[in-house]
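A look at the structure
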Amino acid sequence: MKAGLFSRGTPWSDRVFDLVVYIVITLVTIVTLYPFLNVLAISLNDSTDSVRGGITIFPRAFTFKNYETIFAFSGLITGLKISTLRTVIGTVLGLISASMLAFTLSRVDFQGRRFVSTFLALTMYVSGGLIPTYILIKDLHMMGTFAVYILPGLVSAFNVFVIRSFIDGIPYALQESAKLDGANDFTIYWRVILPLTKPALATIALFLAVGQWNAWFDTYLYNGSKDNLTTLQYELMKVIQSTTTNADSFRGRNMTQVMAQISPESVKMAITIIVTVPILVVYPFLQRYFVKGMTLGAVKS
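Summary of the structure given here. (Residues numbered from 1 in each chain as written. Predicted model: local features only at pLDDT ≥ 70, side-chain atom pairs only at ≥ 80, totals over all residues. Heavy atoms only, no water.)

**Observations regarding the environment of Thr29**
Positionally, Thr29 belongs in helix 1 (residues 12–43). Given a relative accessible area of 37%, Thr29 falls into the partly exposed group. Among the polar contacts made by the side chain of Thr29, one reaches the main-chain carbonyl oxygen of Ile25 at a distance of 2.7 Å. (Helix = DSSP H or I, 4+ residues; strand = E, 2+ residues; numbered from the N terminus. Buried < 20%, exposed > 50% of the residue type's maximum accessible area, 1.4 Å probe, protein only. Polar contact = N/O pair within 3.5 Å; in protein donor to acceptor, adjacent residues only side chain to side chain.)

**Examining the pattern of salt bridges**
Working definition: two side chains of opposite charge can pair if their charged atoms are close together. Under the counting rule described, the total for this entry stands at six salt bridges. With a closest N to O distance of 3.8 Å, Arg164 and Asp168 form a salt bridge. Here Asp168 and Arg164 lie together in helix 7 (residues 157–168), a separation of four residues that amounts to about one turn. The exposure class of Arg164 is buried, given its relative accessible area of 18%. A salt bridge links Lys238 to Glu235; the nearest nitrogen and oxygen atoms lie 3.1 Å apart. You can see Lys238 and its partner Glu235 sitting in helix 12 (residues 232–244), three residues apart, about one turn around the helix. Given the relative accessible area of 5%, Glu235 is considered buried. Each of Arg107, Asp109 and Asp185 takes part in salt bridges that share partners, so that together they form one network. (Salt bridge = Lys/Arg side-chain N within 4 Å of Asp/Glu carboxyl O.)

**Quick look at the layout of surface pockets**
Space inside the largest pocket adds up to approximately 940 Å³. Along the wall of the largest pocket there are 36 residues; nearest its centre are Thr133, Pro152, Gly153, Leu154 and Val155. Elements with a contribution of two residues or more to the lining of the largest pocket: helix 4 (74–106), helix 5 (113–123), helix 6 (130–139), helix 7, helix 10 (198–214) and helix 11 (217–222). When its residues are assigned to classes, the lining of the largest pocket shows 22 nonpolar, twelve polar and two charged. (1 Å grid on protein atoms, 1.4 Å probe; cavity = no way out; pocket = protein on both sides within 12 Å on 5 of 7 lines; lining within 4 Å. Points joined across faces, edges and corners; volume = space filled by probe spheres on them. Nonpolar A, V, L, I, M, F, W, Y, C, P; charged D, E, K, R; others polar.)

**Description of unusual backbone geometry**
Residue His141 is not a glycine yet carries a positive backbone phi of 60 degrees. Of note, His141 is situated in the loop between helix 6 and helix 7.

**Quick word on the side chain of Ser97**
Here Ser97 lies in helix 4. Look past the residues within four positions of Ser97 in its chain and what remains in contact with it is Leu154 and Val155. (Contact = heavy atoms within 4.5 Å.)

**Some remarks on the packing of aromatic side chains**
For the structure shown, the criterion picks out twelve aromatic pairs. Measuring from centroid to centroid gives 5.9 Å for Phe217 and Tyr220, while their planes differ by 25 degrees, and the two rings are stacked. With Phe217 and Tyr220 both in helix 11 and three residues apart, the pair spans about one turn of that helix. Aromatic rings pair up to connect Phe103, Phe186, Tyr189 and Trp190 into one cluster. (Phe/Tyr/Trp six-rings, centres within 6.5 Å; stacked < 30°, edge-to-face > 60°.)

**Quick look at the packing of helix 7 against helix 10**
The contact between helix 7 and helix 10 brings their axes to 9 Å, and the two run at 165 degrees. On the basis of the axis angle, helix 7 is roughly antiparallel to helix 10. The two elements helix 7 and helix 10 meet at a crossing, and its hand is right-handed. Residue-level inspection shows Phe158, Asn159, Val162, Ile163 and Phe166 of helix 7 in contact with helix 10, the latter providing Pro199, Ala200, Leu201, Ile204, Phe207 and Leu208. (Axes fitted to C-alpha atoms, helices over the stretch in contact; angles between N-to-C directions. Parallel < 35°, antiparallel > 145°, perpendicular 65-115°, else oblique. Left-handed = near helix turned anticlockwise from the far one by under 90°.)

**Focus: the side chain of Thr91**
For Thr91, the location among the structural elements is in helix 4. Contact partners of Thr91, with chain neighbours within four places excluded, come to Arg86, Ala205, Leu208 and Ala209.

Following this line, the structure appears as structure tokens:
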């Protein structure tokens, strides 16, 4: 067993190396955590006191007033519900569609897999652009609907290729064994492939969830006038604009009264925490799947 950093039997060269490693790790940890803790401290600090500056990782005048004032706007509550709903539905349907297509393209008996793979690859480099996409969405009658958040980005070529690459590493003997036991293609996909692709699915799920949670531009383009379909990011963007440029957009509230409770800086920091914390909460549950060797020993020699 390797001796510790301060053990008598540890050579000086090993001690110096370990000490440097600990110092580097400590510095990286501080650099990583300090900005987030500073933002959290400012968001929990009294807005009048925050103007003085000098806040580090602890609030000087602790208060929840910043968050209470932000959530007093009804649009944020609706936006939170829609953002949560689109994140859950978009992630689940995106995973199912991408994994199904990836499983199909990984099958050697699928005659059209080269054509489909080429077509998907082209979509990663060629795009119709903003205006054609807007016209397409309008012609499909998805303007002002919740479906515009889900259907246009349901299949991503990148996600399909990532999952397909992982499936290609799974021994094909597992599928052959399942066929001998009477399993059909869907059973193989559901009972064999999906459990063995958890690391890839967890990675893609995180990508999809972050993308859906942070999306606001599609709301601006297609549902900007629909208060019942607004998203959290879009509402928070409007709040930031309101605190800095337009006092009249605070839904009829007096800007003087609002600014007496919060400052633009406090709003920005509180908003940063609001949009960041949900992803930080989800990530630990997906992190345990970021491992390799899920199929080691799956096929007996």
